[in-house]
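Each chain, written out:
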Amino acid sequence: MAQKELICIVCPLGCHLTVEIDESKEQGIKVFGNKCPRGETYANKELTAPTRMLPTTVKIKNGILNRLPVKTEAPIPKEMIFPCMAVINEVEVEAPVKIGDVVIENILGTGVNIVATRTMTAK
Ligand code: SF4
């Protein structure tokens, strides 16, 4: 039986999880160290289809700053982070932009939009 150590990132408590992986059982994994059921859900997801939020910035023309903070509206598959960053790095928006404005729609077919996380007025 294999064991894996994880830190739950669902809330600021950051529980240290020990995951026992037993592929012979229908349930597959047993999770220890979680202070709430969300830790078990997180461990399951992390071992089968890990996802992450992607906070970053894009270039902005005519804004009061040179970069506009953006993020994914929802978590994306971990393996899509670098391909999405390649797309994000090619984008340049123009001020003014309002917080929540969609900067890239459905990035790389993930079904997730990239949105502005602050308002940026024009110079
Ligand atoms: S297991 Fe529950 S209490 Fe612990 S970090 Fe995860 S969400 Fe927070």
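Our subject is the structure that appears above.
Residues numbered from 1 in each chain as written. Predicted model: local features only at pLDDT ≥ 70, side-chain atom pairs only at ≥ 80, totals over all residues. Heavy atoms only, no water.

A. A look at the environment of N113. You can see N113 is positioned in the loop between β9 (102-104) and β10 (114-116). Taking C-alpha positions, N113 is 19 Å from A49, a pair spaced 64 residues apart along the chain. Once you skip the residues sitting within four places of it in the chain, N113 turns out to touch K71, T72, E73, V102, I104, E105 and N106. Among the polar contacts made by the side chain of N113, one reaches the main-chain amide nitrogen of N106 at a distance of 2.8 Å. (Helix = DSSP H or I, 4+ residues; strand = E, 2+ residues; numbered from the N terminus. Contact = heavy atoms within 4.5 Å. Polar contact = N/O pair within 3.5 Å; in protein donor to acceptor, adjacent residues only side chain to side chain.)

B. Geometry of the nonpolar core. If you look at the biggest cluster of nonpolar residues, it comprises 22 residues, and the most contacted ones within it are L68, I88, V93 and V103. Among the secondary structure elements, those contributing two or more residues to this core are β5 (55-61), β6 (67-72), α2 (81-88), β9 and β10. Residue contributions to this core peak at 4 residues, all from α2. Not counting residues up to four positions away in its chain, the partners in contact with V103 are V58, L68, V70, V91, V93, I114, V115 and A116. In this structure, C8, L17, V19 and V31 belong to the second largest nonpolar core, which totals 9 residues. (Core = buried A, V, L, I, M, F, W, Y, C linked by side-chain atoms within 4.5 Å. Buried < 20%, exposed > 50% of the residue type's maximum accessible area, 1.4 Å probe, protein only.)

C. Geometry of the sheet that holds β5. Pairing within the open sheet is mixed, and its 5 strands lie in the order β8-β5-β6-β10-β9. Only two strands of the sheet have a single partner each, and these edge strands are β8 (92-94) and β9. Across the sheet, the axes of successive neighbouring strands diverge by a mean angle of 45 degrees, strand direction being ignored. In this structure, β5 lies alongside β6, joined through 5 bridges in antiparallel fashion. Following the sheet pairing, P55 is matched in β6 by K71. α2 contacts β5, β9 and β10 of the sheet and is inclined by roughly 15 degrees relative to β5. (Pairing = 2+ DSSP bridges. Axes fitted to C-alpha atoms, helices over the stretch in contact; angles between N-to-C directions.)

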